[in-house]
Amino acid sequence: MLADTLSETLQHLENAAKDAHRPAPALLAVSKLQPAASIAALARAGQRAFGENYVQEAQGKIGELAGMGLEWHLIGHLQSNKADIAARLFDWVQTVDRHKLIGALSRYRPADRAALNVLIQVNIDDEASKHGCDPDEIPALAEAIVAAPQLRLRGLMAIPAPHPDPAARSAAFGRMKTLQDALAEQHPGIDTLSMGMSGDFAEAIAHGATMVRIGTALFGARPA
Ligand SMILES: *Cc1c(COP(=O)(O)O)cnc(C)c1O
């Protein structure tokens with residue numbers, strides 16, 4: 001069943017991309033609160049990249065599924081005191097939003113591993129309660145990431161406010177695309193704009209998302 005849902009989801013992404021005359025984005029399967037067995041089933045159906053929100057929860061599942069050749073992305077807020085675990089555990093950290101984290105992640109990333117892929121998380125709707133940097137902090141954070149030996153800057157990530165009005169959601173995605181294009185002028189190697197979830201991936205793709213993070217539409221409702 002998960003295999004059917006996966007192929008339907010990939011088809012939806014492709015259709016949205018075709019409508020927007022853009023390349024289809026990469027699919028990150030958001031597996032927070034899902035058991036390892038569900039992740040393994042999706043992996044057997046061909047999905048390789050998975051997103052987790054909580055370092056501790058991810059640690060158990062990543063250990064259980066080691067050997068399946070999966071790629072793990074941290075998409076939840078990272079506390080500085082967990083940067084050492086995260087730097088060893090994940091292939092990507094999508095939630096880098098402050099300088100302190102950059103130093104810690106680079107320091108703890110083992111020298112014999114490939115550089116840790118990093119996205120800068122942007123607080124695109126300027127929400128007081130949300131993590132992510134202000135847009136004007138992006139250039140300095142990017143410089144620090146590029147200077148960190150064990151980190152590789154890949155682009156930007158955002159979780160726009162869950163606005164019921166599609167036009168307002170689109171505006172936030174559009175602002176992210178503008179920020180991404182500006183960053184690419186300084187750092188032409190970046191290739192990832194991570195935005196869009198189960199409820200709004202079509203708008204995100206229309207505005208240039210290269211990676212969408214989808215949980216509910218793939219796995220169904222998360223266990224409580
Ligand atoms: C949970 C989560 C998602 C997936 O949300 P769905 O609505 O279940 O697709 C995507 N990104 C982040 C950062 C999340 O925390």
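Residues numbered from 1 in each chain as written. Predicted model: local features only at pLDDT ≥ 70, side-chain atom pairs only at ≥ 80, totals over all residues. Heavy atoms only, no water.

Trainee: Explanation requested: the site of the ligand in the structure shown.
Mentor: Neighbouring the ligand are the residues Val30, Lys32, Asn53, Ile75, Ile159, Met197, Ser198, Arg213, Ile214, Gly215, Thr216 and Arg222. Interatomic distance of 2.9 Å between a side-chain N/O atom of Arg213 and a nitrogen atom of the ligand. Contact with the protein chains hides 89% of the accessible area of the ligand, taken as 390 Å² for the molecule alone. Here the ligand is seated within the largest pocket. (Near = heavy atom within 4 Å. Polar contact = N/O pair within 3.5 Å; in protein donor to acceptor, adjacent residues only side chain to side chain. Areas by Shrake-Rupley, 256 points an atom, 1.4 Å probe, with all protein chains shown as cover. 1 Å grid on protein atoms, 1.4 Å probe; cavity = no way out; pocket = protein on both sides within 12 Å on 5 of 7 lines; lining within 4 Å. Sits in = over half its atoms within 2 Å of the grid points.)

Trainee: Any chance you could explain helix H3 (residues 55-64) here in plain terms?
Mentor: In an α-helix there are 3.6 residues to a turn, and that puts residues three or four apart on one side. Within the span of H3, buried status applies to Val55, Ala58, Lys61 and Ile62. Considered in projection along H3, the buried side chains sweep an arc of 130 degrees and stay on one side of the axis. Residues Gln56 and Glu64 are exposed on H3 and point more than 90 degrees away from its buried face. Close packing links the buried residues of H3 with helix H2 (36-44), strand E2 (49-52), strand E3 (71-74) and helix H4 (83-89). (Buried < 20%, exposed > 50% of the residue type's maximum accessible area, 1.4 Å probe, protein only. Helix = DSSP H or I, 4+ residues; strand = E, 2+ residues; numbered from the N terminus. Arc of directions from axis to C-beta. Contact = heavy atoms within 4.5 Å.)

Trainee: Looking at this model, I keep getting lost on the packing of aromatic side chains. Mind explaining?
Mentor: Two aromatic rings are characterised by how far apart their centres lie and by the angle between their planes. Counted according to the given criterion, the structure contains one aromatic pair. Measuring from ring centre to ring centre gives 5.8 Å for Phe50 and Trp72, while their planes differ by 35 degrees; the resulting arrangement is tilted. Of this pair, Phe50 sits in strand E2 while Trp72 is found in strand E3, placing the two residues 22 residues apart along the sequence. Across this residue pair, the class does not change: Phe50 and Trp72 are buried. (Phe/Tyr/Trp six-rings, centres within 6.5 Å; stacked < 30°, edge-to-face > 60°.)

Trainee: What is the right way to look at the layout of surface pockets in this model?
Mentor: Over the atoms a probe the size of a water molecule is rolled, and this reveals where empty space is left. The volume enclosed by the largest pocket comes to roughly 200 Å³. Surrounding the largest pocket, 13 residues form its lining, Val30, Lys32, Met197, Arg213 and Arg222 being those nearest its centre. Considering the residues around the second largest pocket, the lining is formed by Lys130, Ile159, Pro160, Ala161, Pro162, His163, Arg169, Met197, Gly199 and Asp200. Residues belonging to the lining of the second largest pocket are distributed by class as follows: five nonpolar, two polar and three charged. (Points joined across faces, edges and corners; volume = space filled by probe spheres on them. Nonpolar A, V, L, I, M, F, W, Y, C, P; charged D, E, K, R; others polar.)

Trainee: Please clarify how a negative patch on the surface should be interpreted in this entry.
Mentor: Taken together, Asp126, Asp134, Asp136 and Glu137 make up a surface patch of like negative charges. Structurally, Asp136 is set in the loop between strand E5 (116-122) and helix H6 (138-147). On the accessibility criterion, Asp136 (66% relative accessible area) is exposed. (Patch = residues over 30% accessible without salt bridge, like charges linked within 9 Å, V, L, I, M, F, W, Y side chains within 5 Å. Salt bridge = Lys/Arg side-chain N within 4 Å of Asp/Glu carboxyl O. Lys, Arg positive; Asp, Glu negative; His and termini not counted. Charge placed at Lys NZ, Arg CZ, Asp CG, Glu CD.)

Trainee: Help me understand the pattern of salt bridges, please; the structure alone is not making it clear to me.
Mentor: A side chain with one charge may pair with a side chain of the opposite charge, provided their charged atoms come close. For the structure shown, the criterion picks out nine salt bridges. A salt bridge links Glu71 to Arg48; the shortest N-O distance between them is 3.6 Å. Pair noted here: Glu71 is in strand E3 and Arg48 is in the loop between H2 and E2, with a separation of 23 residues, a long-range link. Linking Glu52 and Lys61 is a salt bridge whose minimum nitrogen-to-oxygen distance equals 2.9 Å. We classify Glu52 as buried; its relative accessible area is 0%. A network of salt bridges, in which partner residues are shared, links Glu52, Glu57 and Lys61.

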